[in-house]
2 protein chains.
Amino acid sequence: MPPTDANPTAAVLIVGNEILSGRTKDANLPHIAETLGGIGIVVREARVVADVEEAIVSAVNELRARYTYVFTTGGIGPTHDDITAECIAKAFGVALERNPEAVARLERHYGDPRQLNEARLRMANIPAGGELIDNPISAAPGFRIGNVFVMAGVPNIMQAMLDGILPRLRGGLPVHARTVSCGLAEGRVAADLGALQKRYPELEIGSYPYFRRGDFGVSLVLRGTDEGVLDRAAEELAGIVRQLGGTPIVTVGSKG
Amino acid sequence: MPPTDANPTAAVLIVGNEILSGRTKDANLPHIAETLGGIGIVVREARVVADVEEAIVSAVNELRARYTYVFTTGGIGPTHDDITAECIAKAFGVALERNPEAVARLERHYGDPRQLNEARLRMANIPAGGELIDNPISAAPGFRIGNVFVMAGVPNIMQAMLDGILPRLRGGLPVHARTVSCGLAEGRVAADLGALQKRYPELEIGSYPYFRRGDFGVSLVLRGTDEGVLDRAAEELAGIVRQLGGTPIVTVGSKG
């Protein structure tokens, strides 16, 4: 995938039975992907695993060996099914320790010491060598160890944690997008689109049919790091669509 | 995870750059998970991979070795970025062949032979030995080979394909759920919840805090195959919540 070979890569590891059962629709992957893409870090893979030690440990170890960064969500709360921190410690072969700074943050947050029960104190257990990730919403921190960033699963907490992490990451050239939408069926555009991809190997070109409100058509999305090249290719593609009898709508970004 | 050890398992493999870029929010995993759960097939893992041959081939081979069934979505359309069928053929070490029955279906669908161009005919390329999966919406079929079911990425087409597949699957005892919701913070319930999980090793108990419309609380979800046990455990948990000063709301299913 040529546009992004030079970019740092990332994997997202979503920990949680509730996603695998269908109870909860994950909202974190799109947010993480778009946020990282904006600083030139390309999400290459995502996995959803159950709250099961072996599954979490092996996924973490596979992904951290393969990508520049790994971002995990979920499983760092106070209940028995929150086992991410101990699994990360196992994956790295280090001890899980009660982190004094994390304890201090929880003490400040809960005020009354009776509120800070043993279950909540578990949220201060951090793998040895881990560096805390701030949680401005509910205090219980995430952490970074090696190239793995461990975050909460609740979306607004995860988003706040990610905002705090961003300045620590090594980014790359931001990935930009142009979208050419039209009412043609994708099968009509396919041959010319494949030829365009061959002429622009530095871009990643995707074709996404849509069916909405009785309307159908296709969004053709071009991605790359050079906006000049993107604009040129989008203009060419708009010409192709016109030649096929369609009416192209060209937008900046990938949502068109 | 005791409730489901006897159940057949599944993995979902989502193929598509558009999910990894954050452009498109996957809607297929929750639908597949809930549908399979209803017939006692438990989704144990999901992966999202890019439209890249090596990534698709290795994910398919890892997952099909590990789970009873693998369900893939995406990458079976007519454009250059649709490479799932050829990747599945590679993963199984078989040829990719133009399937006469698939061609016949496309011919019927498009009517005018000029409409059925080479790009669209690619959608009739099926790994040797593959068995077609009906597509009642846009004709281009999915297929099954071994324990892998290859489906479209567009949600309504995927759902129709899955409906057609269900009768061919070996299910297990359906997994049922009860939810006990309350306005308590999960850290207050955590210790008693962990003890309840120990008393009911045959259930899978999860704790999901929520923050909605200024309201916060926690949904405690119990899953298992024995509804009598579920009702008993849910009643016990409601008692625990009451003792902690909360007002439990018990619902059937996992959405409460």
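Residues numbered from 1 in each chain as written. Chains lettered and ligands numbered in written order. Predicted model: local features only at pLDDT ≥ 70, side-chain atom pairs only at ≥ 80, totals over all residues.

(A) Broad picture of the overall build of chain A. In terms of regular secondary structure, chain A is built from nine helices and 12 strands. For chain A, the residues scored as buried account for 53% of the 256 residues in total. Considering only contacts within chain A whose residues lie at least 6 apart along the sequence, 70% involve residues at least 24 apart. (Helix = DSSP H or I, 4+ residues; strand = E, 2+ residues; numbered from the N terminus. Buried ≥ 20, exposed ≤ 12 C-beta atoms within 10 Å, placed from the backbone. Contact = placed C-beta atoms within 7 Å.)

(B) Examining the sheet that holds strand β11 (residues 215-224) of chain A more closely. All names here are of chain A. Taking strand neighbours across the sheet as the criterion, the four strands line up as β10-β11-β9-β12 in an open arrangement whose pairing is antiparallel. The open sheet has two edge strands with one neighbour each: β10 (204-212) and β12 (249-252). Neighbour-to-neighbour, the strand axes of this sheet turn through a mean angle of 20°, independent of strand direction. Contacts between helix α9 (residues 227-243) and the sheet are confined to β9 (176-182), β11 and β12, with β9 contributing the most and set at about 10° to the helix. (Pairing = 2+ DSSP bridges. Axes fitted to C-alpha atoms, helices over the stretch in contact; angles between N-to-C directions.)

(C) Representation of the interface of chain B and chain A in the model. In this complex, chain B contributes 51 residues to the contact, which on the side of chain A involves 51 residues. Those elements that provide at least two residues to the side of chain B that touches chain A are α1 (17-20), α2 (28-38), β2 (42-49), α6 (118-121), α8 (186-199) and β10 (204-212) of chain B. Of the residues belonging to the side of chain B that touches chain A, the class tally is 22 nonpolar, 16 polar and 13 charged. Bridge analysis of strand β2 (residues 42-49) of chain A against β2 of chain B gives five bridges, and the strand direction is antiparallel. Paired with Val48 of chain A across the strands is Ala46 of chain B, a residue of β2 of chain B. (Nonpolar A, V, L, I, M, F, W, Y, C, P; charged D, E, K, R; others polar.)

(D) Summary view of the relation of the copies chain B and chain A. Mapping chain B onto chain A is achieved by rotating through 180° and translating by 0.0 Å along the same axis, at an RMSD of 0.0 Å. The transformation just described matches what one would write down for a two-fold rotation axis. The rotation axis passes nearest to the C-alpha of Arg47 of chain B in chain B, at a distance of 2.2 Å. The share of interface residues of chain B whose copies in chain A are also at the interface is 98%, consistent with both copies meeting through the same surface. (Least-squares fit on C-alpha atoms with pLDDT ≥ 70 in both.)

(E) Structural detail: the environment of Phe211 of chain B. Along the polypeptide, Phe211 of chain B turns up in strand β10. Note on Phe211 of chain B: 14 C-beta atoms within 10 Å, which makes it partly exposed. Placed 205 residues apart in sequence, Phe211 of chain B and Ala6 of chain B show a C-alpha to C-alpha distance of 35 Å. Not counting residues within four places of it along the chain, the set of residues in contact with Phe211 of chain B comprises Val154 of chain A together with Phe216 of chain B.

(F) Examining unusual backbone geometry more closely. All names here are of chain A. Residue Ala139 is not a glycine yet carries a positive backbone phi of 75°. Here Ala139 shows up in the loop between β6 (131-133) and β7 (142-145). Residue Ala139 is classed as partly exposed on the basis of its 19 C-beta neighbours within 10 Å.

(G) Main features of the sheet that holds strand β3 (residues 69-73) of chain B. One open sheet accounts for 12 strands, arranged β6(A)-β7(A)-β8(A)-β3(A)-β1(A)-β2(A)-β2(B)-β1(B)-β3(B)-β8(B)-β7(B)-β6(B); its pairing is mixed. Edge positions in the sheet fall to β6 of chain A together with β6 (131-133) of chain B, since each has one partner strand and no second. Here the average twist between neighbouring strands, direction ignored, is 20°. Packed on one face of the sheet, helix α7 (residues 155-165) of chain B meets β3, β6, β7 (142-145) and β8 (148-151) of chain B and runs near 150° to β8 of chain B.

(H) How the structure looks around the pairing of β10 of chain B. The pairing of β10 of chain B with strand β11 (residues 215-224) of chain B spans nine bridges and is classified as antiparallel. Bridging across to β11 of chain B, Pro209 of chain B finds its partner in Val218 of chain B.

(I) Representation of the environment of Asn156 of chain A within the structure. Positionally, Asn156 of chain A belongs in helix α7 (residues 155-165). The spatial distance from the C-alpha of Asn156 of chain A to the C-alpha of Ile137 of chain A is 8.3 Å, given a sequence separation of 19 residues.

(J) Highlighting the environment of Ala6 of chain B. With respect to the element layout, Ala6 of chain B can be found in the segment before β1 (9-15). In this structure the C-alpha to C-alpha distance between Ala6 of chain B and Leu173 of chain B, which are 167 residues apart in sequence, comes to 8.3 Å.

(K) Summary view of the packing of α2 of chain B against α7 of chain B. All names here are of chain B. Contact geometry for α2 and α7: axes closest at 10 Å, N-to-C directions at 20°. By the criterion of interaxial angle, the relationship of α2 to α7 is roughly parallel. For α2 against α7, the interelement crossing comes out right-handed. When α2 is examined against α7, the residues Asn28, His31, Ile32 and Thr35 are found in contact with a partner set consisting of Pro155, Met158, Gln159 and Leu162. (Parallel < 35°, antiparallel > 145°, perpendicular 65-115°, else oblique. Left-handed = near helix turned anticlockwise from the far one by under 90°.)

(L) Up close: α7 of chain B. When α7 of chain B is considered as a whole, its buried residues turn out to be Ile157, Met158, Ala160, Met161 and Leu162 of chain B. Contacts from the buried residues of α7 of chain B go to α2, β3, β6, β7 and β8 of chain B.

(M) Representation of the confidence of the model for chain A within the structure. The share of residues in chain A with pLDDT of 70 or more is 98%, and the mean pLDDT across the chain is 95. The ipTM value of the predicted complex is 0.96, and its pTM value is 0.96. (pLDDT = per-residue confidence, 0-100.)

(N) Examining helix α2 (residues 28-38) of chain A more closely. Considered for burial, the residues of α2 of chain A that qualify are Asn28, Leu29, Ile32, Ala33, Leu36 and Gly37 of chain A. Down the axis of α2 of chain A, the buried set is contained in an arc of 150°. They therefore lie on one face. Its buried side turned inward, α2 of chain A meets β1 (9-15), β2, β3 (69-73) and α7 of chain A together with α1 of chain B. A positive phi of about 80° marks Gly40 of chain A, the residue just after α2 of chain A. (Arc of directions from axis to C-beta.)

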